[in-house]
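The residues making up each chain are set out below.
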Amino acid sequence: MSPQWCVFFSSVLVALSFGGLTEACSCGPQHPQTAFCNSDVVIRGKIVGSEEANLENRTDGTGMWLRYEIKQTKMFKGFESVSDVQYLYTPHDGGLCGFEPSDATKQTEFLFSGMVTAGGRLTVTVCSFIQPWKKLSPAQRKGIMHTYKHNCDCRITPCNSIPCELSTEAECLWTDGLFSRGWDHVLARQYACVHQGDGTCSWAVQKPAQQASGLHGASNQ
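Residues numbered from 1 in each chain as written. Predicted model: local features only at pLDDT ≥ 70, side-chain atom pairs only at ≥ 80, totals over all residues. Heavy atoms only, no water.

J.: With reference to specific residues and values, describe the pairing of strand E4 (residues 109-117).
T.: Strand direction decides the pairing type here: strand E1 (residues 41-53) and E4, joined by six bridges, are antiparallel. Counterpart to valine 41 in the pairing with E4 is glycine 114. Note that E4 and strand E6 (residues 131-132) share two bridges and pair antiparallel. Along E6, the bridge assignment pairs leucine 111 with glutamine 131. (Pairing = 2+ DSSP bridges. Helix = DSSP H or I, 4+ residues; strand = E, 2+ residues; numbered from the N terminus.)

J.: How would you explain the state of the cysteines if you had to name every residue and give the values?
T.: Scanning the entire structure with this criterion turns up five disulfides. The partner cysteine of cysteine 27 in its disulfide is cysteine 127, sulfur to sulfur 2.0 Å. Between cysteine 27 and cysteine 127 the sulfur-sulfur dihedral comes to about -80°; the bridge is accordingly left-handed. With a gap of 100 residues between them, cysteine 27 in the loop between helix H1 (3-18) and helix H2 (32-38) and cysteine 127 in the loop between strand E5 (121-123) and E6 connect regions that are remote in the sequence. A relative accessible area of 40% means that cysteine 27 is categorised as partly exposed. Take cysteine 127: its relative accessible area is 6%, and that puts it in the buried class. The disulfide partner of cysteine 159 is cysteine 164, and the S-S distance across this bridge is 1.5 Å. Judged by the torsion about the S-S bond (85°), the cysteine 159/cysteine 164 disulfide is right-handed. (Disulfide = S-S within 2.5 Å. Buried < 20%, exposed > 50% of the residue type's maximum accessible area, 1.4 Å probe, protein only.)

J.: Run through the side chain of aspartate 176, naming residues and quoting values.
T.: Checked against the element boundaries, aspartate 176 lands in helix H4 (residues 176-179). Although aspartate 176 is buried, it forms no salt bridge, and the closest oppositely charged side chain is arginine 189 at an N-O distance of 8.8 Å. In contact with aspartate 176, not counting residues within four places along its chain, are Gly182, Trp183, His185, Val186, Leu187 and Ala188. (Lys, Arg positive; Asp, Glu negative; His and termini not counted. Salt bridge = Lys/Arg side-chain N within 4 Å of Asp/Glu carboxyl O. Contact = heavy atoms within 4.5 Å.)

J.: Can you lay out the pattern of salt bridges for me, pointing to particular residues and giving the numbers?
T.: Within the structure shown, the criterion is met by three salt bridges. Between aspartate 184 and arginine 189 there is a salt bridge, with its nearest N and O atoms 3.5 Å apart. Using a relative accessible area of 46% as the deciding quantity, one classes aspartate 184 as partly exposed.

These results come straight from atomic positions and should not be treated as a statement about function.
Following this line, the structure appears as structure tokens:
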């Protein structure tokens, strides 16, 4: 089970055990590459509708889900799991890690990453990597379209406090959180953890194709 879903199910158990459904969900930091690799399906698309779904056929008003109708424009991962994503499912209650966009973003094109659960349903939570496509950096878009999928056996480990040490040579330490108040900074937005050809992994800046070709052309002049 991936780290994001361990957090999700732990939160659900906490909520059910203590009878409360608020503030039960917490998500650890995930580099976009880690989120991509841990997800079953990664797509680009828009939310075009939503409705409640009683997937468990319960009559007490609990266990409800939200079903979002999706207009998919691109699939990056998950071809073997689903051919075309029409719906996303998420717990109805935010305390159970349910994802709910604001009204202002319902026509925004998103990158969605999620897990395929029972019945072939694509499920997302607030711990899933879901970002407006236009807010992704060019390097992140290159990673999603090309780099990440070829380097999923490179491990990215958040460094929360000094000292941090590598546990394997196929690992990259993610230090954005040490130098800022959040994790969405240089290593998350500009770098991928990639193979070096000798069994090791290290950070590599992800230059967009046009920028890389421009630099290459300049170096040859």
